[in-house]
Amino acid sequence: MTTTLPPTWAVHHDQFWLRGVQPTSPVEFKEELGTWNIYGYAEAHQVLSDPATFSSDTTRLVPAESKADVAELSEGSLLQLDPPLHNKMRKLVSRAFTPKVVADLEPRIGQLTRELLDAVAGRDRLELVEDLFYPLPVIVIAELLGVPASDRELFRSWVDELFSSTGQISVGEQTEEQKKVAKEQIRVTRNFTEYLGKHADERRRHPREDLLTKLVEAEVDGERLNRTEIVNFANVLLIAGHITTTMLLGNTVLCLDAFGEWAERVRADRALVPPVIEESLRFLSPFSAVARVTTKEVELGGSTIPADRMLLVWVAAANRDARHFAEPDVFDPARADTKHLAFSHGIHTCIGAPLARLEGRVALDILLDRYPSLRTIPGEPPTFQPNPAMTGVKVLPLQV
């Protein structure tokens, strides 16, 4: 099997796990950024497994001038919460992602996939993100939440702005450019929360059978969620509920294009679709990094990390750790160990992972039925997401 990424697209993403440059240590301090980078699988697994030592509440390290805004926009956000509140908030939404609820969505996912592909039938080329991989998951999550799927281009413009930064996370003194980026991200996040707040207000007046109504009516320890908690909670579900799947789908097709022997095998045996998806998640992990903050001094990977330090857990690097995965730079859906960290681990394991996997399986199965010879176009390489914490195609032109 080939271990070399096709030059037509490998050079267009600047992360070390695509360039083939391996980190020299599983834990490394970046003095210029003030962050500890976690690259090793065992070390990343340890961090993600221990929320008491490695907190998800990164707001404590936000610069003073941004602290009030960030605190407001993170209140109730599942990504920023630690136990015990995290467990209670996650339990609220877990009923919307039970195995039965997710399985019951399969016919709708299939219907949407066919409708979206019907809309571009007869063309000799597709832009697969635009035509299928963006609209499919955003329609599904919008319908679950109860917001108009017809607003998806509005969501897309906000997400593009939110993740447009190419800068690294820093906890040192901010440059003027970093301050400008932070202000822009706060502004864009407010667009989402104001939009969702209007829908939450409407649900208080007119409840429906949707997830947003469930959040409005939910109670934690006998108290209703406040408006800020509701909209921040819904915001995470809306954003993470579609962009992760968009990148998962694009990356999987890209891997099949790059490693043609697997494209042939999966076309002949559709039972290989799920393992192909899992290997693409390991090989090109959509959200490359997650942040944590130490609550006390800790030994990790041979280093002593003080309390109140920012950690960037590079799950994309951990998923290429040769100490854990044999031949990590080989795309091999038949590998024995499939316990990647692409959907995180521990209490913050992505709650929508089963839905993302289902959308991936259904969409890819139908796509392979429709197009027996999808391939990238010479001279038109895919465009990757610019944000260094994301690994995913933004534009994917294909010949059919």
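Everything numeric here is computed off the predicted structure, so don't read it as measured data. (Residues numbered from 1 in each chain as written. Predicted model: local features only at pLDDT ≥ 70, side-chain atom pairs only at ≥ 80, totals over all residues. Heavy atoms only, no water.)

Caption draft 1: Quick look at the overall build of the protein chain. When helices and strands are tallied, the protein chain shows 17 helices and 14 strands. Relative to the globule expectation of 21 Å for 400 residues, the C-alpha radius of gyration of the protein chain, 21 Å, shows essentially globular dimensions. Seen through its principal axes, the protein chain has C-alpha atoms that stretch 55 × 55 × 40 Å. Taken across its 400 residues, the protein chain has 54% of its residues classed as buried. Long-range contacts, defined as pairs at least 24 residues apart, comprise 73% of the intrachain contacts of the protein chain with a sequence gap of at least 6. A total accessible area of about 17400 Å² is found for the protein chain, and carbon and sulfur atoms account for 53% of it. For the protein chain, the distance from the average position of its 44 positive side-chain charges to the average position of its 57 negative side-chain charges is 3 Å. (Helix = DSSP H or I, 4+ residues; strand = E, 2+ residues; numbered from the N terminus. Rg over C-alpha atoms; globule rule 2.2 N^0.38 Å. Buried < 20%, exposed > 50% of the residue type's maximum accessible area, 1.4 Å probe, protein only. Contact = heavy atoms within 4.5 Å. Areas by Shrake-Rupley, 256 points an atom, 1.4 Å probe, with all protein chains shown as cover. Lys, Arg positive; Asp, Glu negative; His and termini not counted. Charge placed at Lys NZ, Arg CZ, Asp CG, Glu CD.)

Caption draft 2: Structural context of empty space enclosed by the protein. Tallying each qualifying case throughout the model produces two cavities of 30 Å³ or more. A volume near 40 Å³ is recorded for the largest cavity. Each residue belonging to the lining of the largest cavity can be placed in one class, and the counts come to five nonpolar, three polar and two charged. Here the second largest cavity is characterised by a volume of approximately 30 Å³. Grouping the constituent residues of the lining of the second largest cavity by class yields one nonpolar, two polar and six charged. (1 Å grid on protein atoms, 1.4 Å probe; cavity = no way out; pocket = protein on both sides within 12 Å on 5 of 7 lines; lining within 4 Å. Points joined across faces, edges and corners; volume = space filled by probe spheres on them. Nonpolar A, V, L, I, M, F, W, Y, C, P; charged D, E, K, R; others polar.)

Caption draft 3: Region of interest: the pattern of salt bridges. Applying the stated criterion across every chain yields a total of 25 salt bridges. The salt bridge partner of D221 is K88, with a shortest N-O separation of 2.6 Å. With D221 in the loop between β5 (219-220) and β6 (223-224) and K88 in helix α5 (residues 85-94), this pair connects stretches of sequence that are 133 residues apart. The exposure class assigned to K88 is partly exposed, which follows from its relative accessible area of 32%. Between D321 and R323 there is a salt bridge; the shortest N-O distance is 2.9 Å. Among the residues examined, D321 registers a relative accessible area of 11% and is labelled buried. Put simply, E202, R203, R208 and D210 are held in one network by salt bridges that share partners. (Salt bridge = Lys/Arg side-chain N within 4 Å of Asp/Glu carboxyl O.)

Caption draft 4: Local environment of the state of the cysteines. Scanning the entire structure with this criterion turns up zero disulfides. Left without a disulfide partner, C350 is nearest to the cysteine sulfur of C255, which lies 19 Å away. Residue C350 is classed as partly exposed on the basis of its relative accessible area of 27%. (Disulfide = S-S within 2.5 Å.)

Caption draft 5: The environment of A268, seen in detail. Looking at the secondary structure, you find A268 in helix α14 (residues 260-268). In the structure, A268 is positioned 94 residues away from V362 in sequence and 16 Å away in space, judged by C-alpha atoms.

Caption draft 6: The packing of aromatic side chains, seen in detail. Tallying each qualifying case throughout the model produces nine aromatic pairs. Measuring from centroid to centroid gives 5.6 Å for F259 and F283, while their planes differ by 90°, and the two rings are edge-to-face. A residue pair is termed long-range when its members are at least 10 positions apart, and F259 in the loop between α13 (227-258) and α14 and F283 in helix α15 (residues 273-283) qualify at 24 residues. Of the two residues, F259 and F283, neither departs from the other in class, the shared state being buried. (Phe/Tyr/Trp six-rings, centres within 6.5 Å; stacked < 30°, edge-to-face > 60°.)

Caption draft 7: Seen up close, the pairing of strand β10 (residues 310-314). The element β10 is largely enclosed, with a buried count of five among its five residues. Residues M310, L312 and W314 of β10 are buried on one face, and the alternating residues L311 and V313, pointing to the opposite face, are buried as well. Relative to β10, strand β2 (residues 35-38) runs parallel, the two sharing four bridges. When the sheet's bridge partners are listed, W36 is paired in β10 with L311. Bridge count for strand β7 (residues 289-294) against β10 is five bridges, and the pairing is antiparallel. Opposite A291, over in β10, you have L312 as the bridge partner. (Pairing = 2+ DSSP bridges.)

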